[in-house]
Amino acid sequence: MIKTDGKSWPPNQIKKRWYKTWHRINRKLKKEIEIFDGQRTFMFRCDNIHELRRSMRVFIKEPGTIEWIKNSLRPGDVFYDIGSNIGIYTIFAANFVGEQGKIYSFEPQSVNFSRLLDNIDANHFFDRIIPCNFALHEEKGYFDFIYSDHESGSAHHQLIKGNKHKANAGNDKMLELKYATTIDDLIESKKVRPPQHVKIDVDGNEMSILKGMSLLLKHTDRPKSIQVELDEDHKKEILDFMKS
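It should be emphasised that the depicted structure is a prediction, and the values quoted were computed from it without experimental measurement.

A. View of the overall build of the protein. Of the regular secondary structure elements, the protein holds nine helices and eleven strands. Of the contacts made within the protein by residues no fewer than 6 positions apart, 68% connect residues no fewer than 24 positions apart. Accessible surface for the protein amounts to roughly 13,800 Å². Of this, 51% is attributable to carbon and sulfur atoms.

Laid out in structure tokens, this is it:
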């Protein structure tokens, strides 16, 4: 820890060199994970155990998601990663859409979003990944966004409409006022390209996001495939909605 009175800059040359050395060492201590799948190399920057675990288990945590991306995405495709966290599947998918394709990576939790930017940079994918630091919902507006944890790589953060105390049984760490919009509005305003494939994993708000893309789902040029995370509380409602 460095203690100061907030008036000590610039320091003398000896202290300035020490501060620069300290920051260089600190940066080098951060883990950078390089993953090779036999054909492609992926890079992830990790500061904590959440990120390390996500990176080290990328091919075994959700093997079905990996196979779906590999078998479905083609060069030039548009892929929505809704609830991208630090970008594990965003980075993986970017290898399959090519330079003409686009990945829209939606992550409203700001700390996760910061690491998502790092991982896009580490893989040199700013040409094909568009990171989006806002929430998706069935309507536009400002909502309470509850953080379950302030560390990057964490999960179970939620956008809340109504009583925030229902979220996480009161175990939330922080509340942020977050803007949300709908997929239909983004497409209609031509802010994003319509997707061929969509992944939605947002720890409970999947139904709201699906309702916010109703026009897209009814369109003749609707997505070829959608993967939605299901939990017992919303499984029947989501399946009935998709069948309709």
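B. Focus on helix α3 (residues 63-72). When we look at burial in α3, the residues that qualify are T65, I66, W68 and I69. Projection of α3 onto a plane perpendicular to its axis shows the buried side chains occupying an angular sector of 165°, all on one side. Residues of α3 that are buried in the fold lie against β3 (78-82), α4 (88-97), β10 (197-200) and β11 (225-228).

C. Inspection of the side chain of R128 at higher detail. Structurally, the position occupied by R128 is in the loop between α5 (110-122) and β5 (129-132). The residues contacting R128, other than those within four sequence positions of it, are A94, N95, V97, G98, E99, G101, K102 and I103.

D. Fine view of the nonpolar core. Counting 26 residues, the largest nonpolar core has I69, L73, F79, I91, I103 and I129 as the members making the most contacts within it. Of all the secondary-structure elements, those providing two or more residues to this core are β1 (31-36), β2 (41-46), α3, α4 and α5. Here this core takes eight residues from α4, the largest share from any one element. Contacts of F79, omitting those with residues within four sequence positions, involve W68, I69, L73, A93, K102, I103, Y104, H197, V198 and K199. Formed by 22 residues, the second largest nonpolar core is a distinct cluster that contains L136, V198, L216 and L217.

E. The pattern of salt bridges, seen in detail. Taken as a whole, this structure holds 15 salt bridges when the rule is applied. Of the charged contacts, one joins K199 and D81 as a salt bridge, the two residues approaching to 2.7 Å between their closest N and O atoms. Note that K199 is positioned in strand β10 and D81 in strand β3, a separation of 118 residues in sequence. The residues K199 and D81 share a single accessibility class, namely buried. Bridged by salt links that share partners, the residues E32, R45, D47, E51, R115, D118 and D121 form one connected network.

F. Quick look at the environment of T41. With respect to the element layout, T41 can be found in strand β2. C-alpha of T41 to C-alpha of F92: the two residues are 51 residues apart in sequence and 9.3 Å apart in space. Discounting chain neighbours no more than four positions away, the residues touching T41 are E34, I35, F36 and N123.

G. Up close: the confidence of the model for the protein. Per-chain confidence: the protein averages 87 in pLDDT, with 89% of residues scoring 70 or above. Across residues 165-169 the pLDDT falls below 50, and counting only partners more than four positions away or on other chains, this stretch makes seven contacts in the model.

H. Broad picture of the sheet that holds strand β8 (residues 158-160). Strand order in this open sheet of four strands is β6-β9-β7-β8, and the pairing throughout is mixed. The open sheet is flanked by β6 (135-136) and β8, the only strands paired with a single partner. Sheet analysis places strand β7 (residues 141-147) next to β8, joined by three bridges and oriented antiparallel. Bridge assignment links D144 to a residue of β8, and that residue is I160.

I. Structural view of unusual backbone geometry. Positioned with a positive phi, H124 is a non-glycine residue whose angle comes to about 60°. In this structure, H124 sits in the loop between α5 and β5. Assessed through its relative accessible area of 66%, H124 is described here as exposed. For D203, which is not glycine, the phi torsion reads 55° and is therefore positive. Within the element layout of this structure, D203 appears in the loop between β10 and α7 (206-211). The class of D203 is partly exposed, set by a relative accessible area of 26%.

What counts, and at which threshold
Residues numbered from 1 in each chain as written. Predicted model: local features only at pLDDT ≥ 70, side-chain atom pairs only at ≥ 80, totals over all residues. Heavy atoms only, no water. Helix = DSSP H or I, 4+ residues; strand = E, 2+ residues; numbered from the N terminus. Contact = heavy atoms within 4.5 Å. Areas by Shrake-Rupley, 256 points an atom, 1.4 Å probe, with all protein chains shown as cover. Buried < 20%, exposed > 50% of the residue type's maximum accessible area, 1.4 Å probe, protein only. Arc of directions from axis to C-beta. Core = buried A, V, L, I, M, F, W, Y, C linked by side-chain atoms within 4.5 Å. Salt bridge = Lys/Arg side-chain N within 4 Å of Asp/Glu carboxyl O. pLDDT = per-residue confidence, 0-100. Pairing = 2+ DSSP bridges.

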